[in-house]
Amino acid sequence: MKGYILKVLFCSVMTGLLAGCSTSVDDLEVYHHPDLTLQQVAGKGLLQGDKQLNIQYLGVGGYLFQYGEDSIMTAPSFTNPSLMNVTLPLSIAADHDLIDKLLPLPAKQAEFILVGHAHYDHLLDVPYIMQQHMPTTTVVGSTTMESIVTAVIDDKRVLDITDYAAVGKQPGRWLYNDNNTIRMMPIKSDHAPHFMGIKVMSGKYTEPLTELPSTAYGWKEGQTYAYVIDFLDAQQQSIYRIHYQDAASNSPDGLMPVMADTKAVDMAILCVAAFHQVDDYPEAILQQTKPSMIVMGHWEDFFGNNSFDNNSFNNHSQALKGVRMTNIDDFIQRVEAVKTDGATAVLPAPFSWISAY
């Protein structure tokens, strides 16, 4: 009983702190790039040559990476339960109608979904997407992610990447797509506390669940991973390298391992949410990787904020709101202070296509 009372008290305090505190981004330069047709996606992008790389920000930690005819994505999040449903906690579930509207057509061909951690705002929509829209896609992530998703998805389509992960400076193992045009290496990382040094929804699962969690607190974090994503030429040499994180972390968690090649990191995809809860984020990542392109994601409010209303394809005038209790302008200034000369940093609107031109 005491534990229950403490939990209710904690949830009440958290609700009070977060309520009505979404951050205005009116004074920030939010990057918009219009919808691309399938022909445009295949025809232009970040690379020159036979294949092009196009990247679409799907909101929160979700990205679509379209490389010629091949694609992968990181876990998308379109369902945005209300603050009350999340913190009390009340029942939450994936919004099937919203997912059907928002999931981009090219994403349905993605071979892999990479999951950084198993919180609801990263994993809640993935089982339905795999069932309804991506019947051959494999999802990869932690043991906890596997334990959750296999409640409804065949375990042959779910990969626990614990044994693939780089740990510290020690590199891990590459996971390749079928055509050997894209490869991925997970990096053992961590998740920043949410506020006041407190991390919520932590914990892990080690055994398969029999049903999907019904509350936000059931979607436990598990082990958090960053990823190195390489796009390869015909000789399977990396021609574009991305460092991806869906959660802020204290170094050395999430830093690049010592790689066997000398390929530099071209793009760093960062997480704005909760960055102020760790000491050296994003500085440590940017000082190590020195990317020429920086994408600042997971910056928008995701409590009861219907992503369809903010779909930048259809309504550029719709006011976007920033993630709560976060000084996004401070994050941008810290990025600008340490990025290399000539590097580009963007704060993308959901559903924008990200390019270097």
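Fair warning: this is a prediction, and the values are worked out from it, not measured in the lab. (Residues numbered from 1 in each chain as written. Predicted model: local features only at pLDDT ≥ 70, side-chain atom pairs only at ≥ 80, totals over all residues. Heavy atoms only, no water.)

1. Considering the overall build of the chain
Spelled out, the test is: Secondary structure elements follow DSSP: runs of H or I no shorter than four residues count as helices, runs of E no shorter than two count as strands, and numbering proceeds from the N terminus. Residue exposure (1.4 Å probe, protein chains only): buried if accessible area is under 20% of the type maximum, exposed if over 50%, otherwise partly exposed. Residues are treated as being in contact if the distance between any of their heavy atoms lies within 4.5 Å.
A count of helices and strands for the chain gives nine helices and 17 strands. The buried share of the chain, taken over its 357 residues, is 57%. Excluding contacts between residues fewer than 6 apart, the proportion of contacts in the chain whose partners are at least 24 apart in sequence is 71%.

2. Let's talk about empty space enclosed by the protein
Rule in force here: A 1.4 Å probe that fits but cannot get out identifies a cavity on a 1 Å grid over protein atoms alone, an open set with protein on both sides within 12 Å along at least five of seven lines counts as a pocket, and a residue lines either if it has an atom within 4 Å of a point. Grid points are joined across faces, edges and corners, and a volume is the space filled by probe spheres set on the points.
By the definition in use, this model includes three cavities of 30 Å³ or more. As a volume, the largest cavity reaches approximately 370 Å³. Taken together, 27 residues form the lining of the largest cavity, with His-194, Ala-273, Phe-302, Phe-303 and Val-323 sitting closest to its centre. Of all the elements in the fold, those that place two or more residues in the lining of the largest cavity are α1 (2–18) and α5 (120–123).

3. Side note on the confidence of the model for the chain
Here is the rule: pLDDT runs from 0 to 100 and stands for how confident the predictor is about each residue.
For the chain, the mean per-residue pLDDT works out to 86, and 83% of the residues sit at or above 70. Below pLDDT 50 for its whole length, residues 1–20 participates in 23 contacts with residues either more than four positions away or in separate chains. Across residues 307–317, confidence stays below pLDDT 50; counting only partners more than four residues off in sequence or on other chains, it has 25 contacts.

4. A word on the pattern of salt bridges
Close approach of charged atoms lets side chains of opposite charge pair. Selection criterion: The working definition used for a salt bridge is a side-chain nitrogen of Lys or Arg within 4 Å of a carboxyl oxygen of Asp or Glu.
With the rule as written, the count across this model stands at nine salt bridges. The residue Arg-183 makes a salt bridge to Asp-230 at a minimum N-O spacing of 3.0 Å. On the criterion of sequence distance, the pair formed by Arg-183 in strand β10 (residues 182–188) and Asp-230 in strand β11 (residues 225–232) is long-range, its members being 47 residues apart. Assessed through its relative accessible area of 8%, Arg-183 is described here as buried. Given a relative accessible area of 0%, Asp-230 falls into the buried group. Overlapping salt bridges, with partners in common, bring together Arg-183, Asp-230, Arg-241 and Asp-261 in one network.

5. Structural notes on the environment of Tyr-281
Relative to the elements of secondary structure, Tyr-281 occurs in the loop between β13 (267–271) and α8 (283–289). Distance in space between the C-alpha atoms of Tyr-281 and Cys-271 is 9.2 Å, their sequence separation being 10 residues. Excluding residues within four positions of it along the chain, Tyr-281 makes contact with Gln-245, Ala-247, Ala-248, Ser-249, Leu-270, Cys-271, Phe-275, Phe-331 and Arg-334.

6. Some details on the pairing of β11
Keep this limit in mind: Strands are treated as partners if at least two bridges between them are detected by DSSP.
Burial of β11 is extensive: eight of the eight residues sit out of reach of the surface. Neither face of β11 is open: one carries Tyr-225, Tyr-227, Ile-229 and Phe-231, the other Ala-226, Val-228, Asp-230 and Leu-232, and all of them are buried. In terms of strand pairing, β10 meets β11 through seven bridges, oriented antiparallel. Bridge pairing in β11 links Ile-187 to Ala-226. Of the strand pairs in this sheet, β11 and strand β12 (residues 238–244) are connected by six bridges, and their pairing is antiparallel.

7. Digging into the nonpolar core
The nonpolar side chains of a soluble globular protein tend to be buried, and buried together. Where we set the bar: What we call a nonpolar core is a set of buried Ala, Val, Leu, Ile, Met, Phe, Trp, Tyr and Cys residues that are connected through their side-chain atoms within 4.5 Å.
Residues Phe-65, Tyr-120, Ile-229 and Ile-242 are the most contacted members of the largest nonpolar core, which totals 102 residues. Looking at this core, the element that brings in the most residues is β13, giving five residues. Residues Ala-166, Met-185, Met-259 and Val-265 belong to the second largest nonpolar core, which totals eight residues.

8. As for the environment of Leu-98
Examined against the element boundaries, Leu-98 turns out to sit in helix α4 (residues 96–102). Residue class for Leu-98 comes out buried when judged on its relative accessible area of 8%. For Leu-98 and Phe-78, which are 20 residues apart along the polypeptide, the C-alpha to C-alpha distance reads 7.0 Å.

9. Topic: the sheet that holds β12
As a general point, the strands of a sheet are linked pairwise by backbone hydrogen bonds and lie either parallel or antiparallel. An order of β2-β16-β14-β13-β12-β11-β10-β9 is seen for the eight strands of this open sheet, with the pairing classed as mixed. At either end of the open sheet lies a strand with only one pairing partner, and these are β2 (30–31) and β9 (175–176). Relative to strand β14 (residues 293–297), β13 is paired through five bridges, and the arrangement is parallel. Counterpart to Ala-268 in the pairing with β14 is Ile-294.

10. Re the sheet that holds strand β17 (residues 353–354)
Read across the sheet, seven strands follow the order β8-β7-β6-β5-β4-β3-β17 without closing on themselves; strand pairing throughout is mixed. Two strands lie at the open edges of the sheet, namely β8 (158–160) and β17, each paired on one side alone. Where strand β3 (residues 53–59) and β17 come together, two bridges link them in antiparallel fashion. Each residue of the ladder has a partner; that of Gln-56, found in β17, is Trp-353.

11. Observations regarding a nonpolar patch on the surface
For the record, the criterion: The patches described consist of residues with a relative accessible area above 30% and no salt bridge, like charges being joined within 9 Å and nonpolar side chains (Val, Leu, Ile, Met, Phe, Trp, Tyr) within 5 Å. Where accessible areas are quoted, they stem from the Shrake-Rupley method and a 1.4 Å probe; at the residue level, only the protein chains shown are allowed to cover.
A cluster of nonpolar side chains, contributed by Met-84, Leu-88 and Leu-90, occupies part of the molecular surface with about 260 Å² of accessible area. With respect to the helices, strands and loops of the structure, Leu-88 is situated in the loop between α3 (83–87) and α4. In this structure Leu-88 comes out as partly exposed when scored by relative accessible area, which is 37%.

12. Looking at the packing of aromatic side chains
Inclusion rule: In summary, the pairing rule links any two rings of Phe, Tyr or Trp, Trp by its six-membered ring, whose centres are within 6.5 Å, and it sorts them by plane angle into stacked for under 30 degrees, edge-to-face for over 60 and tilted for everything else. Two thresholds decide whether a charge sits over a ring: the Lys NZ or Arg CZ must be within 6 Å of the ring centre and within 35 degrees of the ring normal.
All told, the structure shown has eight aromatic pairs when counted by the stated rule. Relative to Phe-351, the ring of Phe-78 has its centre 6.1 Å away and its plane inclined at 15 degrees; by these criteria the two rings are stacked. Taken together, the residues span a long stretch of sequence, with Phe-78 in the loop between β5 (70–74) and α3 and Phe-351 in the loop between β16 (344–348) and β17 at a distance of 273 residues. With a relative accessible area of 1%, Phe-351 lands in the buried category. Ring plane angle 40 degrees and centroid distance 6.4 Å describe the contact between Tyr-281 and Phe-331, whose orientation is recorded as tilted. Pair noted here: Tyr-281 is in the loop between β13 and α8 and Phe-331 is in helix α9 (residues 328–338), with a separation of 50 residues, a long-range link. Overall, Phe-331 belongs to the buried group, its relative accessible area being 0%. In this structure an aromatic cluster arises from ring pairing among Tyr-57, Tyr-63, Phe-65, Tyr-67, Phe-231 and Tyr-244. Over the ring of Tyr-164 we find Arg-173, and its NZ or CZ is 4.1 Å from the ring centre.

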